[in-house]
Structure formats: structure tokens, C-alpha cells
Amino acid sequence: MPLRPVLAAAAGALLITVSVPNSASAATGEFQYRGPLLGSHTLIDPPDEECINIGEATNLLPAQSPRNLTTSTATVFLDFDCDGDTFTVLNPGQTGGLLVKFRSVVFS
């Protein structure tokens, strides 16, 4: 059997396996919080390892009272873009009180 067709087939198989994207993982469940004007909001099945800025939060008024009803750990940050030294870690099922203020969250 000639070597060239075998190498071409092997290279093609390698390209197919490398080019297939992995499915993105997500936290299963809901992440609930109160907006700055006290409206209730929910993130459903949020993606893991991706910073989510809270759209209702502003520079003057953060979101508050997070409830992590997902299967992942949620880390909420006072600053946008999951930045800064002020953050709170919420394990699955854990609720932060009225004093927990945040503008972004990441799940892991």
C-alpha cells in the first residue's frame, strides 16, 4: 500500500478531530438578583468561566441580593468586568443578603 494515501487520510482525520469545537459548559439553574431599582432579574443556565456584566447595574447603583440556584460556584464582583478586590463567593444554593452589592459575576 502506498504511503502517500495513508498519510493523507491520517492528516484529514486529524484535521477533523481538531476542528470540531467542544461544547461550552454552563451552570445549570438560575441565578437571581435584585436590580438597583429593586426589580427581580434572573440569569438562566449562565455560561461557566465567562464574566457577565449585570445590565441593570450602573456606576452609581449596583445590583444586590444574589441567589445562586445553579450547579456552579458564582463569584460576584463589585466592579464591572469581574475586576477589583471586592467580591463574594456563593456556592451552589447559597444566597447573599441585602448587603451583597455587585456589578458582574462569573461561574466556575
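Preceding this paragraph is the structure being described.
Worth saying up front: this structure is predicted, and the values here are computed from it rather than measured.

### Some thoughts on the packing of aromatic side chains
Here is step 1: Following the criterion strictly, the structure yields 5 aromatic pairs and no others.
Here is step 2: Taking 5.7 Å as the distance between ring centres and 40° as the angle between the ring planes, the aromatic pair formed by Phe77 and Phe87 counts as tilted. Placement of the pair is Phe77 in strand E5 (residues 74–77) and Phe87 in strand E6 (residues 87–90), with a sequence separation of 10 residues.
Here is step 3: For Phe87, a relative accessible area of 46% gives the class partly exposed.
Here is step 4: Site record: aromatic cluster; members linked through ring pairs are Phe31, Tyr33, Phe102 and Phe107.

### Re the side chain of Asp48
Here is step 1: By the element assignment, Asp48 lies in the loop between strand E2 (40–44) and strand E3 (52–53).
Here is step 2: For the buried Asp48, no salt bridge is present, and the opposite-charge side chain at shortest range is Arg67, 18 Å distant.
Here is step 3: At 3.1 Å, the side chain of Asp48 forms a polar contact with the side chain of Ser72.
Here is step 4: Setting aside residues no more than four positions away along its own chain, Asp48 makes contact with Ser25, Ala26, Ala27, Ser72, Phe107 and Ser108.

### Let's talk about the sheet that holds E2
Here is step 1: The strand order across the open sheet formed by 4 strands is E2-E1-E4-E7, and the pairing between neighbours is antiparallel. This sheet does not close on itself; its edge strands, each paired only once, are E2 and strand E7 (101–102).
Here is step 2: Where strand E1 (residues 29–34) meets E2, 5 bridges bridge the pair, whose relative direction is antiparallel. Bridge pairing in E2 links Gln32 to Thr42.

### Here's the deal with the state of the cysteines
Here is step 1: Taken as a whole, this structure holds 1 disulfide when the rule is applied.
Here is step 2: Here Cys51 pairs with Cys82 through a disulfide, and the sulfurs are 2.2 Å apart. Residues Cys51 and Cys82 are joined through a disulfide that is right-handed, its torsion about the S-S bond being 95°. Of the two residues, Cys51 sits in the loop between E2 and E3 while Cys82 sits in the loop between E5 and E6, which places them 31 residues apart along the sequence.

### Description of the nonpolar core
As a rule of thumb, soluble globular proteins bury nonpolar side chains together.
Here is step 1: One finds Phe31, Val105 and Phe107 to be the most contacted residues of the largest nonpolar core, which totals 15 residues.
Here is step 2: Those elements that provide at least two residues to this core are E1, E5 and strand E8 (104–107).
Here is step 3: Those residues within four positions of Val105 in sequence are excluded, and the remaining contacts are Phe31, Leu43, Glu50, Cys51, Ile52, Ile54, Ala74, Thr75, Val76 and Cys82.

Conventions we followed
- Residues numbered from 1 in each chain as written.
- Predicted model: local features only at pLDDT ≥ 70, side-chain atom pairs only at ≥ 80, totals over all residues.
- Heavy atoms only, no water.
- Phe/Tyr/Trp six-rings, centres within 6.5 Å; stacked < 30°, edge-to-face > 60°.
- Helix = DSSP H or I, 4+ residues; strand = E, 2+ residues; numbered from the N terminus.
- Buried < 20%, exposed > 50% of the residue type's maximum accessible area, 1.4 Å probe, protein only.
- Lys, Arg positive; Asp, Glu negative; His and termini not counted.
- Salt bridge = Lys/Arg side-chain N within 4 Å of Asp/Glu carboxyl O.
- Polar contact = N/O pair within 3.5 Å; in protein donor to acceptor, adjacent residues only side chain to side chain.
- Contact = heavy atoms within 4.5 Å.
- Pairing = 2+ DSSP bridges.
- Disulfide = S-S within 2.5 Å.
- Core = buried A, V, L, I, M, F, W, Y, C linked by side-chain atoms within 4.5 Å.

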